[in-house]
Structure formats: C-alpha cells, structure tokens
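# Reading the structure
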Amino acid sequence: MLGVCYYPEHWPEAEWKDNARRMAEMGLSTVRIGEFAWSRIEPKDSATGIPAYEWGWLDRAIDVLGAAGLKVVLGTPTATPPKWLVDKYPGILPVDKEGRVRGFGSRRHYDFSSPDYRRESARIVTAMAERYGSNPHVAYWQIDNEFGCHDTIRSYSPAALARFRQWLARRYEGSIEKLNAAWGNVFWSMEFNGFDEVSLPNLTVTESGPSHRLDYFRFASDEAADYCRMQVEILRRHTKADVTHNYMGFTWTFDHFDMHNEGGLDFASWDSYPLGFTREQPFEPEEKTAYAFTGHPDIAAFHHDLYRAVGRGRFWVMEQQPGPVNWADHNTVPLPGMVRLWTWQALSHGAEVVSYFRWKQAYFAQEQYHAGLTRVDNERDVGGEEAATVAGELKQLALPPVQQAPVALVIDYSSQWMTAIQPQSATFNYSMLAFRWYEAARKLGLDIDIVPPGADLAGYKLVLVPTLIAPTAAALKALASSGAATLIGPRSGSKTIDYQIPRTLAPGEMAAITGHKVLRSDAMPPGIVKPVKGGNLKGEVTCWRDLSEVAAGTEVLASFEDGWPAVLKRGKVVTLTGKADGGLVGTLIRQMAQEAGVAVTELDGDLRLRRRGDIVFCINSSEKPARAPAPEGTSFLLGGREVPPAGVSAWRQP
Ligand code: GAL
C-alpha cells in the first residue's frame, strides 16, 4: 500500500539496484517513474524524420525496479516537451492572459489546443505504450503530471481560440443568435454575426462578458479532459493496466469529475502537501502559525474525500509530502510523526496506495530544498523512517473496505468559476467556503462523502450544500427527492446556467425547496460583522448576506439585528442566507445530525475521527496531546487513549 516517486534518469545507473533494494526493504511496493523524462526518451529529432527513441535506459530501469519486486507506475512524459520539439513547433507554447507566450525552461509549457502538440503527444504516448504496454512490471500508467499546475489550464492562444469557436458552435447548435442571447451581447454592442467573430475573453478594455468567460472556462476544462482522453485511448489499445492522473490540492480550474469520467480514467490520484497548502491557501494568520508544522488538520482529509468521489471510490495519494517542500513562501520541517500520520490518515479515508514524493532529494535544479525519503548522502531521512514504520504496522492490521458515510457534501466546480467571475465581494472564496463547512462537520467527528451536484443522495442522512450557484435540473431533482436533512448556503440558485439572474430572483427553482426569495445581496468588506440570533442559535455573518423574503410555510429560526432572516427552515431543508462563521455552521450541523440520528462526537483539541469499516482512526494533527474518545476498556490497534502530537490511535468499534 506504500510507494515512491523515483527518477532513474537523475542518478547514475550504478545506484539503481541499491535504490530498488532499499525501497523494497523500506516496505514500499510501487514506484512511479518517467513523467518528466521526454528529453531522455527522445533526446533529439532525427534528421531523417525518423524519431530517435532511446529506450535502453528505461528498459533497464524498469527491469531493475521490477526485479526488486516493485510494481512500476509509468508516467507519460507530456508535462515536459523537450526543447527541440518546442523549437520545431513554437505553437506548442501556451499564452497567458496578458497575451505573453510562456517560455521553455521549467514545465507544463504546452497548450492543450495545439494541434501540433496533440499529434506529438499521441506519437510519444503510442511509442511508449507499444514498448511497455505488456511489460509485466508496468502495473499502472499515469497520464502527464498535475493538469493545471502553474495555472496552465487556460491558454489564450490562437489554437485555443480556434477550438473555442468550434466548441461554442456545438454548444449553441450553430446559432450565433442563441450565443448572443445567452451571453446578453446586446449590452455594450457586443453582438457577433458569426462564430468566427468570437474572441477570447482576455485583453479587453474593462471586464469582459461574464457568460463569455464562463463558457471559456468550461471550454478550457473540457479541453484538458479531451486531451487526457486522447492519451487514455492510446494506452487502452496497448495495455490492460489501470490508468490514472495525479490531481492537486485546491485546484478549481477544471472539473475533476468531468476529467475522470470524460477522460476515461480508472482511478483518481492526488498530490498531498499539507504544509505547503497551509502556507499558500487563504488561512488565517493564527492558523498558519498554529499548524506551521502539522498542516491544517482538514486539508488532506478534504482532498482524500474529494478524490475518492472523483475516482468513484478508488484513489491513491500519488505524491505524499515526505518532509519540507521547496515551493511555499516558508517551508517548515514537519513535526516528527507527521509523515506517518499523513499516511495513516490517507489509508483511513480509503487510499489504495500512498506514494511519497520523492525517493532521494535532488542536489541540482529547481527542487534542491525539497526533501525525499532519503537524503543527498543516500541515508534514510526522517520521512523514510516513518514510511518504514507504517509499512511494519500495516503488516499487523488488515484494512476493511470503505463504507458510505452518513453525511454528503456537494462540491461544484461551476460554483467556483461563477463566483470567481464576478465575486461581488472580493473575499468570497468558494474553495474556502466549502472547506470551512467540511471542517465544521469534521470537528464533530462526522465522516463525509463528497459528491458532485446531481449525484444520487440515497442513503445519506445529512446533505451539506455550501453553495450551488446554478443548479442543473439533475441537481435540483437529487436535492428535492433525497429526503435527507439538507443545509444550503448563501448565493445558491443566484444564476442560471448561462450566468444570468433567474427571472424569479434567487434561488430560482431552488425556492421550491428552500421557501425564500432573495431581494438583493449585501456583499460586505472585511471588518463588517453581522450578528445572528434566534432560539439557541447564535453566530456571525461576514462577507455575504442574501436579504430574503420568506414564503408561507417557511420558518425563520434566526435573524439579523435589522430583522432580515438569517436561518430558515422548510421541512428538512435549512437555509443559511449569509456566509456564517464556523461556530454557527457547526451548531446547525450538530443539531441537524442529531435530529437525523447521526452520532456526533465532541472531540478534544484538534483531533479528528475517520471510520474505515469497523476501525475508528483518531488523528492528532497538532502540537498538543489530546484524549481519544474511545469507549472505556478499549484495546487499541494503534496508539492509545492519549494521542500525542502527530499521533494516531485506532480501535475497533464495539
Ligand atoms: C508536485 C509535482 C512534483 C514536484 C512536487 C514538489 O506538484 O507533481 O513533480 O514538483 O510537486 O512538491
């Protein structure tokens, strides 16, 4: 269940055998290679036009790793087109929003829409698939590396424009009138007479049309999935091995559910760097300090649950932070124990494999400050010791299958795009809103399944919808028919799928389940706090308030000081009209869970629980010890009653 990322091309061949032996000794069973190795697989274009592949080194590397008992995950090398290829086809390079060509010299310097790049990608993938498709050591394939890393989903190139126009013609069934109406192009004389007149939504004098941008975001997301599918289809012709792609944390520029389904992948994987994410994401300064050496306790868990959903139950951690990283503004050393903790946490959420990035720290190039499982002097680093510890523990503990959670959290990529297009309140951040709701539920010891909008909600007792800006008919139907207690957040139903205001006002057709109508929304700057009170409910709203009228049959559970309703209830659906603090969201989740018969647990300190089958894992991502809420007389499978900083305890549910 453990693995590692390895770059044989970085090290003398004489070291490979010893590396492989020590990987196996550490208890690792998979090794990912190849994803940046294009310049070594095909060092130059042959003068005759016949591709000059150099397979020898890769054949030998795979043999050596396989002979040590490791299963190879082979990456297609398309994240890093080599210099000669870029020089031959300069149109491969992507163009940024300011219209500048993004250059060679790092990675991800390609455009998903470039016909030359699609053809060249197909060629290299075909060549690799032909060579290794039936190699007995190559057990899995990874497509490319981290789609979207370094802001590379959206390119403003001539190639993107050409394919965007085709995409629009399909979406609007060849009718430019339909497009003009959907985008509201009569506004500011933006009307087009044909699809060949449509431009990309960048470099405009002021804000470009919001519907124009939304369609461009959708197109860019589809384009990445289409590119992935092209590679998957080639692999399918040559191998029976499972194919994945390694996603990232907090990445919203493409719809990961679409990528998995349209891209045709077998399982999801993701790259988990909790300390870097804690620095780089908009956490509060106090949180950045409190979790400097552990990472925020819910970051990895949120993504495990997200990617378990994306992979339809199957996910790996393809890259696990093994020590300090190099890419955040400050890069701390994880508290001793955290690498073990992150591994157990991933397994408790259902990861099939946890693979560390990387085997050996590189003493050259961009990532010199990034730790590996082994150091530059070839000795085991702290992360390597902790990986070996988990490998030993895993021998004693068989992990049962993952069961459905009682709580579903609806995550919607379109809602991120729509709120980013016109935030209205600059601090309204969909990603953090969804994350804070997740955190509030996790602090109550609840297990969560993340689901896309429209997913079947059967079996869930509580459904959380932080916001759903433009619900589709399928999403509305799923919510209306679930019968579960449902908590819905602000701004829901505020747009149509074309990015217009519903003629009946927000929440549009969702009003049938929420029983309210939003007359206007108050988008408030930081520093403005609106208290909320009613019955036993008490809390605060910042940033966003939907000033709402309530339909007959809808109860007002709490209000703002100026009388506007803050918390509404209609049947089993509770609506929060503002962006509420974690305390208020937590109170509502606690009450709704209890009413729905879902047990909540008051947890000590920063503890979190996660159940896998009948095993309860209790995880302490903090610098303070805490007490595990295990029943009296429990005999522990891992750890004990006192969970030390960076500690993990586990027991069987009686
Ligand atoms: C990931 C990437 C790896 C490596 C790593 C460093 O984003 O896939 O190649 O750069 O970050 O943390």
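Conventions we followed
Residues numbered from 1 in each chain as written. Predicted model: local features only at pLDDT ≥ 70, side-chain atom pairs only at ≥ 80, totals over all residues. Heavy atoms only, no water. 1 Å grid on protein atoms, 1.4 Å probe; cavity = no way out; pocket = protein on both sides within 12 Å on 5 of 7 lines; lining within 4 Å. Points joined across faces, edges and corners; volume = space filled by probe spheres on them. Helix = DSSP H or I, 4+ residues; strand = E, 2+ residues; numbered from the N terminus. Pairing = 2+ DSSP bridges. Axes fitted to C-alpha atoms, helices over the stretch in contact; angles between N-to-C directions. Core = buried A, V, L, I, M, F, W, Y, C linked by side-chain atoms within 4.5 Å. Buried < 20%, exposed > 50% of the residue type's maximum accessible area, 1.4 Å probe, protein only. Contact = heavy atoms within 4.5 Å. Near = heavy atom within 4 Å. Polar contact = N/O pair within 3.5 Å; in protein donor to acceptor, adjacent residues only side chain to side chain. Areas by Shrake-Rupley, 256 points an atom, 1.4 Å probe, with all protein chains shown as cover. Sits in = over half its atoms within 2 Å of the grid points. Domains from an automatic or database assignment. Buried area = accessible area lost by both parts, 1.4 Å probe. Salt bridge = Lys/Arg side-chain N within 4 Å of Asp/Glu carboxyl O. Patch = residues over 30% accessible without salt bridge, like charges linked within 9 Å, V, L, I, M, F, W, Y side chains within 5 Å. Arc of directions from axis to C-beta. Parallel < 35°, antiparallel > 145°, perpendicular 65-115°, else oblique. Left-handed = near helix turned anticlockwise from the far one by under 90°. Nonpolar A, V, L, I, M, F, W, Y, C, P; charged D, E, K, R; others polar.

Turning next to empty space enclosed by the protein. With the rule as written, the count across this model stands at 8 cavities of 30 Å³ or more. Space inside the largest cavity adds up to approximately 60 Å³. Forming the walls of the largest cavity are D111, F112, S113, I153, R154, S155, A160, Y216, F219, A220 and E223. Here the lining of the largest cavity takes 4 residues from helix α8 (residues 210-238), the largest share from any one element.

As summarised here, the arrangement of the 3 strands in space is β20-β21-β24, forming an open sheet in which the pairing is antiparallel. Two strands bound the open sheet, and with one partner strand each, they are β20 (607-612) and β24 (648-652). Averaged over all adjacent pairs, the angle separating strand axes in this sheet is 20°, with direction ignored. Here β20 runs beside strand β21 (residues 615-620); their pairing, made up of 6 bridges, is antiparallel. Counted as the bridge partner of L609 is C618 from β21.

As a further point, take the nonpolar core. One broad rule of soluble globular proteins: the nonpolar side chains tend to lie buried together. If you look at the biggest cluster of nonpolar residues, it comprises 174 residues, and the most contacted ones within it are F147, W344, I411 and I589. The element contributing the most residues to this core is α8, with 13 residues. The contacts of I589, once residues within four sequence positions are left out, are W437, A440, A441, L444, L446, L462, L464 and L487. Counting 18 residues, the second-largest nonpolar core is a separate cluster that includes V465, M510, I513 and V573.

What follows is about the site of the ligand. Residues in close proximity to the ligand include F36, R107, N145, E146, D271, Y273, E319, W327, F357, E367 and H370, which together make up its full environment. E319 places a side-chain nitrogen or oxygen 2.8 Å from an oxygen atom of the ligand. One of the side-chain N or O atoms of E367 is found 2.3 Å from an oxygen atom in the ligand. Burial of the ligand by the surrounding chains reaches 95%, relative to a free accessible area of 310 Å². In this structure the site holding the ligand corresponds to the largest pocket.

Moving on to the domain arrangement of the protein. Its domain assignment divides the protein into domain 1 (2-154 + 228-394), domain 2 (407-595) and domain 3 (607-652). At the interface, 23 residues of domain 1 touch 15 residues of domain 3. Around 1,500 Å² of area is buried between domain 1 and domain 3 when both sides are counted, 61% of it from carbon and sulfur atoms. When the buried area of domain 1 at its contact with domain 3 is split by residue, L341, W344 and S348 rank highest and sum to 34% of it. Summed over the shared surface of domain 1 and domain 3, the number is 1 salt bridge.

Turning next to a nonpolar patch on the surface. There is a patch of nonpolar side chains on the surface, built from V186, F187 and W188 and spanning about 400 Å² of accessible area. Along the chain, F187 turns up in the loop between α7 (176-183) and α8.

Right, let's talk about the pairing of strand β9 (residues 407-410) for a bit. Neither face of β9 is exposed, since V407 and L409 on one face and A408 and V410 on the opposite face are all buried. Looking at chain direction, β9 and strand β10 (residues 448-451) are connected through 4 bridges and run parallel. For V410, the partnering residue across the bridge sits in β10 and is V451. As judged from the 3 bridges shared by β9 and strand β11 (residues 462-465), these two strands associate in the parallel manner.

This paragraph deals with the environment of K530. Assignment of secondary structure puts K530 in strand β14 (residues 530-534). Residue K530 is classed as partly exposed on the basis of its relative accessible area, which comes to 26%. C-alpha of K530 to C-alpha of N180: the two residues are 350 residues apart in sequence and 40 Å apart in space. Sequence-distant contacts of K530, defined by excluding residues within four places in its chain, comprise M524, G539, E540, V541, R545 and F560.

The subject of this paragraph is helix α17 (residues 473-481). Among the residues of α17, those classed as buried are A475, L476, A478 and L479. Along the axis of α17, the buried positions cluster into a sector of 165°, meaning they face one direction only. Facing away from the buried side of α17 by over 90 degrees, the exposed positions are A473, K477, A480 and S481. Packed against the buried residues of α17 are β11, β12 (485-488) and α18 (511-514). Directly beyond the C-terminal end of α17, a positive phi value near 75° is found at G483.

Another aspect to go through is the packing of helix α1 (residues 13-26) against helix α3 (residues 56-67). Contact geometry of α1 with α3 gives a least axis separation of 9 Å together with a crossing angle of 30°. When the axes of α1 and α3 are compared, the pair comes out roughly parallel. Once α1 is placed against α3, the crossing between them reads as right-handed. From α1, E13, W16, K17, A20 and M23 reach across to α3, where they touch W57, R60, A61, V64 and L65. Split into classes, the residues belonging to the contact of α1 with α3 amount to 7 nonpolar, no polar and 3 charged.

The subject of this paragraph is the pattern of salt bridges. Applying the stated criterion to the full structure yields 43 salt bridges. Its salt-bridge partner being R163, residue D226 comes within 3.2 Å of it at the nearest N-O pair. Linking D226 in helix α8 with R163 in helix α6 (residues 158-171), this pair joins segments that are 63 residues apart in sequence. Using a relative accessible area of 24% as the deciding quantity, one classes R163 as partly exposed. Here E352 and R314 are joined by a salt bridge, their closest N and O atoms 2.9 Å apart. Placement of the pair is E352 in the loop between α13 (338-348) and β8 (354-356) and R314 in the loop between α12 (299-310) and β7 (315-320), with a sequence separation of 38 residues. Ionic contacts of the salt-bridge type, sharing partners, join the residues E42, D116, R119, E120 and R123 into one network.

Moving on to the side chain of E223. Along the polypeptide, E223 turns up in helix α8. Here S113 takes part through its side chain, which lies 2.7 Å from a polar atom of the side chain of E223. Beyond its immediate chain neighbours, meaning those up to four positions away, E223 contacts F112, S113, R118 and R163.

A few words on the sheet that holds strand β5 (residues 242-247). Note: strands within a sheet are paired through backbone hydrogen bonds, in either parallel or antiparallel orientation. Strands sit in the order β1-β2-β3-β4-β5-β6-β7-β8 around a closed barrel of 8 strands; the barrel is parallel. If you compare each strand with its neighbour and ignore which way they point, the axes differ by 25° on average. As paired elements, β5 and strand β6 (residues 267-272) share 4 bridges and run parallel to each other. If you follow N246 over to β6, its bridge partner there is S269. Of the strands in this sheet, β5, β6 and β7 are in contact with α12, which crosses β6 at around 160°.

Roughly 1,400 Å³ of internal volume is contained in the largest pocket. Of the residues in the lining of the largest pocket, the class split is 18 nonpolar, 18 polar and 14 charged. A volume near 850 Å³ is recorded for the second largest pocket. Surrounding the second largest pocket, 37 residues form its lining, F257, V451, P452, P453 and A455 being those nearest its centre. Listing elements by their share of the lining of the second largest pocket, those giving two or more residues are α6, α8, α9 (256-263), α12, α15 (413-421) and β10. The class makeup of the residues in the lining of the second largest pocket is 19 nonpolar, 7 polar and 11 charged. Built from parts of two domains, the lining of the second largest pocket gets at least three residues from each of domain 1 (2-154 + 228-394) and domain 2 (407-595).

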